[in-house]
Amino acid sequence: MKAKVVVPIVVVIVVVIVCVVFLYMPMPATVNAQEVVNNAIAALKDVNSCSMVINMTMTIEAQGQKMDMDIDMYGLVDYVDREMYIDMSMSSPQQVVMAGRMEIYVLRNQTMYVALYMPGEEARWIKSYIPDEEWSMMFTPINASFTELAQSSQLKYVDTETVNGVECYIIEFKPTPEELAKYVQSLMGPQAPQTGMSYNISQIIKEGLKEFTVKMWISKNDYTVRKQDISMKLSMTIMGVTADMDMKMLALMNWNIPVEVELPPEAQQAIEVPSTF
C-alpha cells in the first residue's frame, strides 16, 4: 500500500518540478522576418564603403549542348568618394567564353578604366566617361536592390548563423516571376534594352522563370547584409530555340572598411572609347 501511495506522489512532484522549470526557462524570441528586412534597408544610410567576394556558376543547355561558365569577382566600393575597383575572372570548361581576367577602376571624375587580360597577351586598357544618371545608380549600396525586392515578396525566417564572426539572421524569399520582372524593369528603366526579338527581359522572366530563391544573412548587430545566396532557373525560347539556364551566386560582403582605389601607371596608355552606358 505504501508503494502504491508513494509512486503517484513522486510522479506529481516530478511533473510540478518540470512545469516550474519550463515556466522559468528563457523562451526563444520570435523573429519577424519583415522587421529584419526593414532594418536592413534602414541600415543602408550608415554605409560608406563595402568589399565583396562573389562566385557565380552558370549552366546553359540548348539543342543538346551544355555550356558551363564560372565567374569569380572581388570588389571594393567607396560610396562617399565614389570610387570603385573590381577584379573579375571568367572560365569555361567548354571554352564558351575565352578564359581571361578583367580589372575595372572607377574614379571620382566619372571615368572608368578597364584592363583586359587574355592568355599570352599583354593587358589592353580602355577608358570611357560615365554619364551622370548611370554614375548615381552605380553607387547605390550593393544590397539595396535585393532588400527592396524582399519587401514585396513573401519572407521566411530560416535560422541564425555566424558569418566571418558576425551572428546573422537568415532570411529567405522567393519572388514570383511578376515581382522579379517588375524589379528588373525598375533597375533598367523605361529604356530597357531589347533582346533583338519581340521580347524584352521582363517578358522572358515572366514567361520562363522556374525558380528564383534568395537567402540573405543579415547581421543581428547592425542589420547589414553579410552574405547572399541566390539560385535561379530560367527557360527561354528565342527564334524557335529553347535554352535552359541554371545560375547560382554566392556573395560575401564586409561594410564600412577603409577603401583606396589607385590607378596603376600603365593605365595612362588607355584608349578612350565611347560610353557604353
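Residues numbered from 1 in each chain as written. Predicted model: local features only at pLDDT ≥ 70, side-chain atom pairs only at ≥ 80, totals over all residues. Heavy atoms only, no water.

**Considering the overall build of the protein**
(1) Moving on: Within the protein, the regular secondary structure consists of 6 helices and 12 strands.
(2) Moving on: Split into buried and exposed, the 277 residues of the protein put 40% on the buried side.
(3) Moving on: The contacts of the protein with a sequence gap of at least 6 include a subset with a gap of at least 24, amounting to 56%.
(4) Moving on: For the protein, the accessible area works out to roughly 16,600 Å², and carbon and sulfur atoms hold 58% of it. (Helix = DSSP H or I, 4+ residues; strand = E, 2+ residues; numbered from the N terminus. Buried < 20%, exposed > 50% of the residue type's maximum accessible area, 1.4 Å probe, protein only. Contact = heavy atoms within 4.5 Å. Areas by Shrake-Rupley, 256 points an atom, 1.4 Å probe, with all protein chains shown as cover.)

**Re helix H6 (residues 201-208)**
(1) Moving on: When H6 is considered as a whole, its buried residues turn out to be Ser202, Ile204, Ile205 and Gly208. Viewed end-on, H6 has its buried residues packed into an arc of 160°, placing them on one side of the element. (Arc of directions from axis to C-beta.)

**Focus: the pairing of strand S10 (residues 225-238)**
(1) Moving on: Pairing of strand S9 (residues 209-219) with S10, which is carried by 9 bridges, proceeds in the antiparallel orientation. Its bridge partner being in S10, glutamate 211 is matched across the sheet by lysine 233.
(2) Moving on: Adjacent in sequence and paired antiparallel, S9 and S10 are bridged by 5 residues, among which tyrosine 223 carries a positive phi angle near 65°.
(3) Moving on: One ladder, built from 12 bridges, connects S10 with strand S11 (residues 241-255); its direction is antiparallel. If you follow serine 231 over to S11, its bridge partner there is lysine 248.
(4) Moving on: Hairpin connection from S10 to S11: 2 residues lie between these consecutive antiparallel strands, with methionine 239 at a positive phi of about 55°. (Pairing = 2+ DSSP bridges.)

**Section: the confidence of the model for the protein**
(1) Moving on: Residues of the protein with pLDDT of at least 70 account for 79%, and the chain-wide mean is 81.
(2) Moving on: Of all secondary-structure elements in the protein, the lowest mean pLDDT belongs to helix H1 (residues 2-24), at 43, while strand S8 (residues 166-173) reaches the highest, 95.
(3) Moving on: When the criterion is pLDDT under 50, residues 14-28 qualifies, and its contacts beyond four places in sequence or with other chains add up to 0 contacts.
(4) Moving on: The low-confidence segment residues 191-198 (pLDDT under 50) makes 10 contacts with residues lying over four places distant or belonging to another chain. (pLDDT = per-residue confidence, 0-100.)

**What about the packing of aromatic side chains?**
(1) Moving on: Per the counting criterion, the structure on display carries 4 aromatic pairs.
(2) Moving on: Here the aromatic residues Tyr85, Tyr105 and Trp125 are joined through ring pairs into a cluster of three or more.
(3) Moving on: Seen from the ring of tyrosine 117, arginine 101 lies directly overhead, with NZ or CZ sitting 4.7 Å from the centre.
(4) Moving on: Here the basic side chain of lysine 227 rests over the ring of tryptophan 217, its NZ or CZ set 4.4 Å away from the ring centre. (Phe/Tyr/Trp six-rings, centres within 6.5 Å; stacked < 30°, edge-to-face > 60°. Lys NZ or Arg CZ within 6 Å of the ring centre and 35° of its normal.)

**Things to note about helix H2 (residues 33-43)**
(1) Moving on: For H2, the set of buried residues is Ala33, Val36, Val37, Ala40 and Ala43. Along the axis of H2, the buried positions cluster into a sector of 115°, meaning they face one direction only.
(2) Moving on: The N-cap residue of H2 is asparagine 32: its side-chain oxygen and the backbone nitrogen of glutamine 34 are 3.0 Å apart. (Polar contact = N/O pair within 3.5 Å; in protein donor to acceptor, adjacent residues only side chain to side chain.)

**Comments concerning the side chain of glutamine 110**
(1) Moving on: Mapped onto the elements of the fold, glutamine 110 is located in the loop between strand S4 (100-106) and strand S5 (111-117).
(2) Moving on: In this view, glutamine 110 contacts Ser128, Tyr129, Ile130, Pro131, Asp132 and Trp135; residues no more than four positions away in its chain are not counted.

**Observations concerning unusual backbone geometry**
(1) Moving on: At arginine 82, a residue that is not glycine, the phi angle is positive and equals roughly 55°.
(2) Moving on: Here arginine 82 is to be found in the loop between strand S2 (65-78) and strand S3 (83-91).
(3) Moving on: The class for arginine 82 is partly exposed, based on a relative accessible area of 30%.
(4) Moving on: Positive phi, normally seen in glycine, also occurs at tyrosine 223, with a value near 65°.
(5) Moving on: Topologically, tyrosine 223 is positioned in the loop between S9 and S10.

**What about the nonpolar core?**
(1) Moving on: Counting residues in each nonpolar core, the largest one holds 56 residues, and the members touching the most others are Val106, Phe139, Ile171, Leu180, Met216 and Ile218.
(2) Moving on: Among the nonpolar cores identified, the runner-up in size contains 12 residues, and Tyr113, Val259, Val261 and Leu263 belong to it. (Core = buried A, V, L, I, M, F, W, Y, C linked by side-chain atoms within 4.5 Å.)

**Here's the deal with the environment of alanine 270**
(1) Moving on: The topology assignment puts alanine 270 in the loop between S11 and strand S12 (271-272).
(2) Moving on: A relative accessible area of 14% means that alanine 270 is categorised as buried.
(3) Moving on: For alanine 270 and tryptophan 125, which are 145 residues apart along the polypeptide, the C-alpha to C-alpha distance reads 4.3 Å.
(4) Moving on: With near-sequence residues (within four places) excluded, alanine 270 lies in contact with Tyr113, Trp125, Ile126 and Lys127.

**A closer look at the sheet that holds S4**
(1) Moving on: Strand order in the open sheet formed by 12 strands is S7-S8-S9-S10-S11-S1-S2-S3-S4-S5-S6-S12, with mixed pairing between adjacent strands. The two strands at the open ends of the sheet, each matched to only one other strand, are strand S7 (155-163) and S12.
(2) Moving on: Taken strand by strand, H2 contacts S7, S8 and S9, and its axis lies near 60° from that of S7. (Axes fitted to C-alpha atoms, helices over the stretch in contact; angles between N-to-C directions.)

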